[in-house]
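Close look at the chain arrangement
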Amino acid sequence: MQLRRSLAVTLGMVLLAGCANDVEPEKVATPHDAADTLAAALSKGSVEGIRVREGKPKDELPVLLEGMNGMVPEVTVAHVSPSAQVANVKLDYRWPLSSPWTYQTDAVLVREGTEWQLNWEPSVLHPKLTAETRLERQRGDASERGNITGRDDAVLVESIPVQMLGLDKSAIEPDEVEDSARRVAEKAEIDPDAFITKAHHAGAQEWVDAVPVRSADLPADFLAIPGAALRTVTMPAPRTAGYAHALIGRMGYATAEDVTPGSEIAIGELVGVSGLQKTYDKQLRGSTGNKVFLAQRDEPIGVGRPTNATLLADFPDVPGNALETTIDDTIQTAAEDAVKNLTIPVSVVVLRIEDGAIMAAADSPDARITDESTTGAFSPGLAAAPVSALALARSGVDLTEQVDCEDEVTVGSRTFENPRTYRGSTKVTLSRAFSDGCLTAIASAAERLDGAKLSEAATSLGLGQDLDLGIPNSMGAFPAPADAVAKAEALTGAGAGADIRASALAMATMAASVEAKQVVSPFVVPGREPKVEDAVPLTDAEAKALSDLMRAGASSYRPLTGATSGSSDGRVWAVGQTADYAVAVVIADDGKTRTTPAQIVRTVANSTR
């Protein structure tokens, strides 16, 4: 019995030992992992994720960085020298001043069980920091911002004294903020909802910037709005209020949201907030001069001054560089003059056919709020006739065949009628049906459309693409229609169709591609010319058919040599080209305005001569 008991105990111990060997030991983090975590956290100005053995970096680091005006360094691990219990880490620091400010610091990691923990000292941030000092950045005057130039080196944007429109929240009651912000935005011709949100987020006593304008362009009765206020500032401004806004964009002041980790800008610094001003902000802005010095922690920020003993870095400002664009001031000014006094949304775009260079993009005040000339998404109706005709031709339909132009036809579950203004023949070619606007003939032909050919045709004429132009843009959407009714609606623009949408920029690109007999891509900054991918080239026969179609519609649009027009979803279009330029105009038809797309097209086209 005793022997069996001893064997059982011995066997149990062997089994337990075997089970113990099956359990993996707890994994020990490496000092390299801990060093990488430390560098990543410091690059965000924090100690998130760092195990601390000694010191209080969570409390101390914000104090050390407070005087850097929101700037944080880029920190990487240069070297790790580990032993069994201690790892010495060298960290590389790079601060984005006008020239990079670089240096190294030392940090010590100590192993505690399975973790590597930091022995924190201020010198981890900079080797000269002590328990009594912190970093402070003293910014010089802002660097001179580069001009924006157009065709023939015309200066389109330059620094001048302007009036900043804004809302002074300290002058009104909290319940007045929303109404006043909306009225200020409407006068400033900016998005009211966005400005209301900005005003609500600002402090109770803060000034909220809206938009800068030249003194001559101050909105009438602006100061009659409760809380509305002005202040004179010097900043880059375009030729006139709203000049080429969809392309150039506008200026503003950096907010806390703009000062991201690693950013060299400071809160309140002048920056581009939209358009090319935003995309090329770094190039245009240059870099403001900076001095970094050791300041006493108990000394308020902005009081201390660097001395030979405390100065750590001194970098001069670097002026910004000019930005060259394709904008033609003569054409742009003509387009601005044609729309600036209109009280409905109107947009104009002019392209150079030879290469797609954008000569002008102008919006009336109502359209300028969302830069409709380049970002609009409206049904083009028969203004997109070249796309529709090309899609039919590639579906095997002969555009020269004779068709009946009846008063009405039924396709599927929908009846299509010709507009009362139709004055064309009752027997026409299908191509002429597009030029004359015979909706019933086009709707009848739509049943033979291969839906996939609609998107293909759009791409062949430069549409339906995501293009990197340096500005927000919409080159249109031409999805394949699902059924017979959708096909007819897509080709005629009468109804929801396939949800076809386009901007004036897209339609001008279409006209340029027809005249060039090949796909054209728009651009506004030389050297940033996008290419349309997977475009099926036009055949000689297709190019001639589209050219003939547009020439047949040009009689009402001289001096254009080719044109299409259309109306859909409350918008009226005129699109066409001369030998050198393509023009597109879209107007929101309120039934009251006497201005027509044809008038604007002629005015702008004449400026290109």
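Numbering of residues begins from 1 in every chain and follows the order in which that chain's sequence is written. The predicted origin of the model limits local features to residues at a pLDDT of at least 70 and limits the giving and counting of side-chain atom pairs to 80 or more, whereas totals for whole chains, interfaces and linings rest on all residues. To obtain the side-chain values, all non-hydrogen atoms of the structure were included, while hydrogens and water were left out.

Moving on, we come to the overall build of the chain. We count a stretch as a helix when DSSP gives it H or I for four or more residues in a row; a strand needs E for two or more, and each element gets its number in order from the N terminus. The helix and strand tally for the chain stands at 19 helices and 24 strands. Radius of gyration: over C-alpha atoms. The globule rule applied is 2.2 Å multiplied by the number of residues raised to the 0.38 power. For the chain, whose C-alpha radius of gyration is 33 Å, the value lies well above the compact-globule estimate of 25 Å for 609 residues. Each principal axis of the C-alpha distribution contributes one length, and for the chain these read about 110 × 85 × 50 Å. Accessible area is worked out with a 1.4 Å probe on protein chains only. A residue is then buried under 20% of its type maximum, exposed over 50%, and partly exposed in between. Here the chain holds 609 residues, and 52% of them are scored as buried. Sequence separation of at least 24 residues holds for 68% of the intrachain contacts in the chain that already meet a minimum separation of 6. The method behind every accessible area is Shrake-Rupley, applied with a 1.4 Å probe, and residues are considered shielded solely by the protein chains displayed. If you sum the accessible surface of the chain, you get close to 27800 Å²; carbon and sulfur atoms cover 49% of it. Each charge class in the chain was averaged separately, 56 positive and 84 negative side chains, and the resulting centres sit 1 Å apart. Contacts are assigned to residue pairs that have any heavy atoms within 4.5 Å of one another. His is not counted here, nor are the chain ends, while Lys and Arg score as positive and Asp and Glu score as negative. Working definition for charges: the position is that of NZ of Lys, CZ of Arg, CG of Asp or CD of Glu.

Right, let's get into the nonpolar core. The biggest cluster of nonpolar side chains holds 86 residues, and the ones touching the most others in it are V387, L392, L430, F434 and M507. With nine residues, helix α17 (residues 504-516) is the largest single contributor of residues to this core. Ignoring any residue separated from it by four or fewer positions in sequence, one finds F434 in contact with L382, A385, S388, A389, L392, I442, L491 and L549. Counting residues in each nonpolar core, the second largest holds 37 residues, with L64, Y103, W116 and W120 among its members. Side-chain atoms within 4.5 Å link the members of a nonpolar core, which is a set of buried Ala, Val, Leu, Ile, Met, Phe, Trp, Tyr and Cys residues.

The next point concerns the state of the cysteines. In this description, a disulfide is simply a cysteine sulfur pair whose atoms lie within 2.5 Å. With the rule as written, the count across this model stands at one disulfide. The residue that forms a disulfide with C405 is C438, at a sulfur-sulfur distance of 2.1 Å. Between C405 and C438, the disulfide has an S-S torsion of 120° and is therefore right-handed. In this pair, C405 sits in the loop between β18 (402-404) and β19 (408-411) while C438 sits in the loop between α13 (430-436) and α14 (439-445), placing the two residues 33 residues apart along the sequence.

Burial analysis of strand β5 (residues 115-119) places four of its five residues in the buried class, the great majority of the element. Two strands form a pair only when DSSP identifies at least two bridges running between them. Sheet topology note: the strand β1 (residues 52-54)/β5 ladder contains two bridges and is parallel. Bridging across to β5, V52 finds its partner in L118. Of the pairings in the sheet, the one linking strand β4 (residues 100-112) to β5 comprises five bridges and is antiparallel in character.

Another point: the packing of aromatic side chains. Pairs were defined over the aromatic rings of Phe, Tyr and Trp, the Trp ring being its six-membered one, requiring ring centres within 6.5 Å. Orientation was assigned from the angle between planes: stacked under 30 degrees, edge-to-face over 60, tilted for the rest. By the definition in use, this model includes three aromatic pairs. Considering the side-chain rings of Y93 and Y103, the 5.0 Å spacing of their centres and the 10° angle between planes classify their relative orientation as stacked. Separated by 10 residues along the polypeptide, Y93 in strand β3 (residues 86-96) and Y103 in strand β4 bring together distant segments of the chain. Charge-over-ring contacts are defined here by two conditions on Lys NZ or Arg CZ: a distance within 6 Å of the ring centre and an angle within 35 degrees of the ring normal. Over the ring of F416 we find R414, and its NZ or CZ is 4.5 Å from the ring centre. In this structure, R571 is placed above the aromatic ring of F378, and the distance from its NZ or CZ to the ring centre is 3.8 Å.

Let us now look at the pattern of salt bridges. We count a salt bridge whenever a side-chain nitrogen from Lys or Arg sits within 4 Å of a carboxyl oxygen from Asp or Glu. Going through the model one piece at a time under the given rule, you end up with 30 salt bridges. D179 is the salt-bridge partner of R183, the closest N and O atoms lying 3.8 Å from each other. Of the two residues, R183 and D179 both sit in helix α4 (residues 177-188), four residues apart, roughly one turn of that helix. Residue classification places R183 among the partly exposed positions, given a relative accessible area of 33%. Judged by relative accessible area, D179 falls into the partly exposed class, the value being 44%. Among the ionic pairs, E189 bridges to R368, the shortest N-O distance being 2.3 Å. Of this pair, E189 sits in the loop between α4 and α5 (192-201) while R368 sits in helix α10 (residues 365-368), and the two are 179 residues apart along the sequence. The network of salt bridges with shared partners includes R394, K453, E456 and E542.

A few words on unusual backbone geometry. Geometrically, the link from R558 to P559 is a cis peptide bond, its omega value of 15° lying close to zero. Look at E189: it is not a glycine, yet its phi comes out positive at around 60°. You can call E189 partly exposed: its relative accessible area is 28%. With phi around 65°, K517 is a residue other than glycine that occupies positive phi space.

What follows deals with a negative patch on the surface. Where like charges cluster on the molecular surface, the negative patch consists of E406, D407, E408 and E417. Looking at the secondary structure, you find E417 in strand β20 (residues 414-417). Like-charged residues are merged into a patch within 9 Å and nonpolar side chains (Val, Leu, Ile, Met, Phe, Trp, Tyr) within 5 Å, provided each residue has over 30% relative accessible area and no salt bridge.

Another point: the side chain of Q117. Of note, Q117 is situated in strand β5. Discounting chain neighbours no more than four positions away, the residues touching Q117 are R51, V52, R53, V108, L109, V110 and E112.

Turning to the sheet that holds β5, a few remarks are in order. Taken together, five strands build an open sheet; the order of strands is β1-β5-β4-β3-β2 and the sheet is mixed. A single partner strand is all that each edge strand has here, and the edge strands are β1 and β2 (74-82). Taking each pair of neighbouring strands and ignoring which way they run, the sheet shows an average axis angle of 35°. Convention adopted: a line fitted to C-alpha atoms gives each axis, helices being fitted over their contacting stretch, and angles between N-to-C directions are expressed from 0 to 180 degrees. Along the sheet face, helix α2 (residues 31-42) touches β2, β3, β4 and β5 and points at about 160° away from the line of β2.

It is at 8 Å that the axes of α4 and α5 come closest, and there the two elements cross at 135°. As summarised for this structure, α4 and α5 are arranged oblique, according to the angle between their axes. Of the two possible hands of crossing, α4 and α5 adopt the one that is right-handed. Between α4 and α5, the residues in contact are V177, E178, A181, R182, V184, A185 and E186 and P192, D193, F195, I196, A199 and H200, respectively. For the contact of α4 with α5, a count of residues per class yields eight nonpolar, one polar and four charged. For this classification, under 35 degrees means roughly parallel, over 145 means roughly antiparallel, 65 to 115 means roughly perpendicular, and everything else is oblique. Should the near helix be turned anticlockwise from the far one by less than a right angle, the crossing is termed left-handed; should it be turned clockwise, right-handed. Three classes are used, and their members are as follows: Ala, Val, Leu, Ile, Met, Phe, Trp, Tyr, Cys and Pro are nonpolar, Asp, Glu, Lys and Arg are charged, and the others, Gly among them, are polar.

Taken together, three strands build an open sheet; the order of strands is β6-β13-β14 and the sheet is antiparallel. Since the sheet does not close on itself, it has two edges, and those belong to β6 (133-139) and β14 (311-315), each with one partner. Here the strands of the sheet are splayed against their neighbours by 25° on average, with no regard to which way each runs.

Judged from the 11 bridges that link them, β3 and β4 form a sheet pairing that is antiparallel. Looking at β4, one finds that L91 is bridged to T105. The antiparallel hairpin formed by β3 and β4 contains three residues in its connecting segment. Between β4 and β5, which pair antiparallel and follow one another directly, the connecting turn spans two residues, one of which, G113, has a positive phi of 65°.

Summary statistics for the chain give a mean pLDDT of 89 and a share of 93% for residues scoring 70 or more. Looking at any residue, its pLDDT shows the predictor's confidence there, from 0 to 100. Counting interchain partners and residues more than four positions distant, the pLDDT-below-50 stretch residues 1-26 has one contact.

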